[in-house]
Amino acid sequence: MPPSMNERSAKKLINGDVCHRTANGKKSSGINGFVKNHWSLQQPQPQQKCRNPSGKSNHVVRNASLYNKPFVEHFEETPLLVAVLTYMGYGILTIFGYLRDFLRDWGFEKCHVARERDQQKDFVPLYQDFENFYTRNLYMRIRDNWNRPICSVPGAKMNLMERVSKDYNWTYEHTGMVVKDVINMGSYNYLGFAENTGSCAEAATESSLMYGVGVASNRYEMGNLDIHEELERLVARFLGVESAMAFGMGFATNSMNIPTLAGKGCLILSDELNHASLVLGARLSGSTIRVFKHNNMVSLEKMLRDAIVHGQPRTHRPWKKILILVEGIYSMEGSIVRLPEVIALKKRYKAYLYLDEAHSIGALGPHGGGVVDYFGLDPKDVDIMMGTFTKSFGAAGGYIGGKKELIDYLRSHSHSAIYATSMSPPVAQQIISSMKIIMGEDGTTLGADRLRQLSENTTYFRRKLREMGFIIYGNNDSPVVPLMLYMPAKIGAFGREMMKRNIGSVVVGFPATPIIESRARFCLSAAHSRDMLDTALEAICEVGDVLQLKYSRHHRHPNRQPNRHPHMQSSLGPWSSEECCLQNSSHVKPSVM
């Protein structure tokens with residue numbers, strides 16, 4: 001289904017293993033400290049009684065000294081009735097799918113999907129039967145929500161080509177009409193650099209005239225331009241590392257470089273929600289892979305301890321190396337990695353840390369330096385810093401930064417460096433121009449203004465959705481905002497209803513998410529004005545009422561409408577009443593999650 005696939009354990013926590021600790025550090029319940037519905041971390045406060053308005057359990061994590069700000073994430077559990085109805089919905093779709101397959105076999109209905117030829121009936125099947133079944137009978141019902149052709153810059157607003165289907169989404173015809181000024185709430189255009197005007201576009205145009213568009217060679221042969229070397233020096237300076245290397249494709253940066261860094265006899269510890277590129281890279285490496293629970297430091301520490309104590313299976317020899325794979329912002333959950341604690345664990349157990357900042361670089365931190373900047377950490381504590389240029393920089397490709405020895409090794413061993421064509425010069429120039437704006441080296445405050453605008457938009461949008469009564473996942477500072485839909489019929493319905501109101505949104509379902517956790521995913525941008533956000537919020541509120549999506553049991557404000565006057569903000573500022581209460585909750589001082 002849509003954009004990215006996540007590796008999840010088969011037994012994903014639905015209700016969460018709640019762990020509370022008293023002031024003396026003793027557990028009151030639970031086993032591993034993971035709170036599905038809501039957990040937070042605060043700095044030490046005077047002990048003070050405070051009741052959470054939502055009535056949910058709060059968990060204050062140990063190692064508070066590692067954090068310099070409140071760390072609040074929301075994962076409200078799926079209501080039991082909604083979960084039951086969701087399973088029933090998939091069950092009904094499956095029954096009708098088998099019925100339609102029966103009608104297709106008897107010729108009553110035409111089947112358009114790829115099928116085995118009669119001459120190959122004795123061959124090993126080329127197509128998996130269940131995948132075919134899923135495509136025919138479930139995905140095809142809502143296929144119109146994806147692959148919509150855009151005929152403009154995918155900025156804060158965009159134009160879409162209108163299309164119709166006369167055979168239930170198997171094929172499409174363009175009507176020749178254009179749907180104009182659709183508010184774009186789905187692109188990863190965090191800082192608004194996906195634009196065709198301004199200094200970045202002008203610099204890219206000049207670069208095209210000087211170098212051309214294609215290089216027609218790899219970096220080792222005739223494709224190493226001075227602009228590539230300038231880009232890598234700038235990236236290293238931006239990240240605060242010794243050296244950096246740029247690649248032409250973000251996905252390949254992970255999938256082709258992890259096998260270069262790890263191999264047989266190595267152990268990879270991967271977060272269960274890691275992106276498909278990380279999962280593929282780990283599998284291609286031939287290393288032993290173990291998956292720890294999402295952002296759960298107890299799970300990670302247990303695996304590290306077991307790896308040190310027991311070593312490799314059968315031989316019990318020590319692992320050649322242990323590599324921890326995490327992301328900065330998890331693109332389906334909107335959560336932020338608990339990097340201070342991950343770094344503390346990797347130091348304690350002498351492991352290596354591979355950090356994927358695809359969504360966090362440029363979108364987090366006071367200087368746009370990603371999750372490392374967000375927590376105020378030393379970049380030297382992260383062994384391999386990976387990120388992409390496809391999101392905050394409005395370009396394409398990826399990078400890896402770290403020690404000079406690491407980058408020199410990758411230059412001579414990485415498949416994506418040796419065999420791939422060099423990055424297009426105008427793309428490299430777009431990255432250079434946008435990065436210099438973020439760093440303030442263009443002589444303006446445009447970069448700082450965009451970073452501040454993105455932060456304000458994120459806080460405002462998340463707070464309004466919670467007040468309306470929606471269940472949203474993730475960290476308060478994450479510009480990725482998943483809004484839970486759950487039921488399969490509501491996936492397509494939400495996307496269509498939003499399009500009727502001229503709002504472009506991304507809906508995501510199985511297999512990109514767990515089968516009962518379908519969602520809409522909004523990505524906020526510095527290019528969004530407050531009026532745009534209010535228009536989108538009004539549409540979301542209307543569609544939420546029509547489709548009955550307001551599942552949250554948090555305290556809501558049913559009569560409050562989106563505020564179209566920025567000067568009339570609540571006295572709480574960017575924090576909701578719930579978050580203010582959490583900041584004043586009694587401090588508990590214990591161990592990891």
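In this text the structure is predicted, and so the values were computed from the model without any measurement.

(A) Looking closely at the overall build of the protein. Looking only at helices and strands, one finds 17 helices and 18 strands in the protein. The proportion of buried residues among the 593 residues of the protein is 56%. Pairs at least 24 residues apart make up 73% of the contacts formed inside the protein by residues separated by at least 6 positions. Within the structure as shown, the protein displays about 26,400 Å² of accessible surface, and the carbon and sulfur contribution to it stands at 55%.

(B) Region of the structure containing the confidence of the model for the protein. Confidence along the protein averages 84 in pLDDT terms, with 81% of residues attaining 70 or more. Across residues 1–39 the pLDDT falls below 50, and counting only partners more than four positions away or on other chains, this stretch makes 132 contacts in the model. With pLDDT under 50 throughout, residues 563–593 is counted as low confidence; its partners more than four residues away or in other chains account for 93 contacts.

(C) View of the packing of aromatic side chains. Considering all chains together, one arrives at 15 aromatic pairs under this definition. Between F389 and F393, the aromatic rings sit 5.8 Å apart at their centres with planes inclined by 75°, giving edge-to-face as the arrangement. F389 sits in the buried class, given a relative accessible area of 0%. Owing to a relative accessible area of 1%, F393 belongs among the buried residues under this scheme. Clustering of aromatic rings is evident, with ring pairs tying together Y67, F71, Y374 and F375.

(D) A look at the sheet that holds strand β10 (residues 322–327). What the seven strands build is an open sheet, ordered β7-β13-β12-β11-β10-β8-β9; its pairing is mixed. If you trace the sheet from one side to the other, it starts and ends with β7 (243–247) and β9 (288–292), each paired once. Ignoring strand direction, the axes of neighbouring strands in this sheet form an average angle of 20°. Of the strand pairs in this sheet, strand β8 (residues 267–271) and β9 are connected by five bridges, and their pairing is parallel. Looking at the pairing, D271 lines up with F292 of β9. Together, β8, β9 and β10 form the strand contacts of helix α8 (residues 297–310), whose direction differs from that of β9 by roughly 150°.

(E) Broad picture of the pattern of salt bridges. Scanning all chains against the criterion turns up 29 salt bridges. Overlapping salt bridges, with partners in common, bring together R100, D101, R104, E109 and R136 in one network.

(F) Region of interest: the side chain of S207. Structurally, S207 is set in helix α3 (residues 199–211). Excluding its chain neighbours within four sequence positions, the residues that come into contact with S207 are G212, I227, P425, P426 and Q429.

(G) Structural detail: α3. Under the 1.5 Å per step criterion, the end-to-end length of α3 is 18 Å for 13 residues, consistent within 8% with the ideal 18 Å. Buried within α3 are the following residues: C200, A201, A203, A204 and S207. An end-on view of α3 places all buried positions within 160° of arc, on one side of the element. Facing away from the buried side of α3 by more than 90 degrees, the exposed set consists of E202, E206, L209 and M210. The first or second residue beyond α3 is G212, which carries a positive phi of 85°.

(H) Looking closely at the side chain of E357. Positionally, E357 belongs in the loop between β11 (352–356) and α10 (371–375). One buried charged side chain, E357, makes no salt bridge at all; its nearest oppositely charged neighbour is K391, positioned 12 Å away.

(I) Broad picture of the sheet that holds strand β16 (residues 503–504). An order of β5-β6-β16 is seen for the three strands of this open sheet, with the pairing classed as mixed. A single partner strand is all that each edge strand has here, and the edge strands are β5 (157–164) and β16. Relative to strand β6 (residues 173–184), β5 runs antiparallel, the two sharing six bridges. Looking at the pairing, K157 lines up with I183 of β6.

(J) Quick peek at the packing of helix α15 (residues 488–500) against helix α16 (residues 530–547). Look at α15 against α16: their axes get within 10 Å of each other, and the N-to-C directions meet at 140°. What the angle tells us is that α15 and α16 run oblique. For the pair α15 and α16, the crossing hand works out as right-handed. Residue-level inspection shows K490, A493, F494, E497 and M498 of α15 in contact with α16, the latter providing A536, A539, I540, V543 and L547. Residues that form the contact of α15 with α16 fall into these classes: eight nonpolar, no polar and two charged.

(K) Quick peek at the nonpolar core. Ranked by size, the top nonpolar core spans 118 residues in total, and within it F461, L465, F494 and F522 carry the most contacts. For this core, the element with the highest residue contribution is α16, accounting for nine residues. Residues within four places of L465 in sequence aside, it is in contact with F470, I472, V481, L483, L537 and I540. The next biggest cluster of nonpolar side chains, apart from the first, holds 19 residues, and it includes A262, C266, A282 and L325.

(L) Structural view of the environment of I384. Note that I384 resides in strand β12 (residues 384–388). Considering only alpha carbons, one finds I384 and L325, 59 residues apart in sequence, at a separation of 9.7 Å.

(M) Layout of the packing of α8 against helix α9 (residues 339–348). In contact at an axis separation of 11 Å, α8 and α9 are set at 10° when each is read in the N-to-C sense. Relative to α9, the element α8 lies roughly parallel. Two packed elements cross with a definite hand, and for α8 against α9 that hand is right-handed. Counted together, M297, L300, E301 and L304 of α8 and E341, V342, L345 and R348 of α9 form the full contact between these two elements. Counted by class, the contact of α8 with α9 contains five nonpolar, no polar and three charged residues.

(N) Quick peek at the pairing of β11. Of all the five residues making up β11, four are buried; the element is thus mostly covered by neighbouring parts of the structure. Bridge analysis of β10 against β11 gives five bridges, and the strand direction is parallel. Within the sheet, the bridge partner assigned to E327 lies in β11 and is D356. At this point the chain moves from β10, through α9, to the parallel β11, and the crossover so formed is right-handed. As defined by bridge partners, β11 adjoins β12 across three bridges and the pair is classed as parallel. In the strand pairing of β12, D356 is matched with M386.

About the cut-offs
- Residues numbered from 1 in each chain as written.
- Predicted model: local features only at pLDDT ≥ 70, side-chain atom pairs only at ≥ 80, totals over all residues.
- Heavy atoms only, no water.
- Helix = DSSP H or I, 4+ residues; strand = E, 2+ residues; numbered from the N terminus.
- Buried < 20%, exposed > 50% of the residue type's maximum accessible area, 1.4 Å probe, protein only.
- Contact = heavy atoms within 4.5 Å.
- Areas by Shrake-Rupley, 256 points an atom, 1.4 Å probe, with all protein chains shown as cover.
- pLDDT = per-residue confidence, 0-100.
- Phe/Tyr/Trp six-rings, centres within 6.5 Å; stacked < 30°, edge-to-face > 60°.
- Pairing = 2+ DSSP bridges.
- Axes fitted to C-alpha atoms, helices over the stretch in contact; angles between N-to-C directions.
- Salt bridge = Lys/Arg side-chain N within 4 Å of Asp/Glu carboxyl O.
- Expected span 1.5 Å × (residues − 1).
- Arc of directions from axis to C-beta.
- Lys, Arg positive; Asp, Glu negative; His and termini not counted.
- Parallel < 35°, antiparallel > 145°, perpendicular 65-115°, else oblique.
- Left-handed = near helix turned anticlockwise from the far one by under 90°.
- Nonpolar A, V, L, I, M, F, W, Y, C, P; charged D, E, K, R; others polar.
- Core = buried A, V, L, I, M, F, W, Y, C linked by side-chain atoms within 4.5 Å.
- Right-handed = clockwise from strand over helix to strand, strands pointing away.

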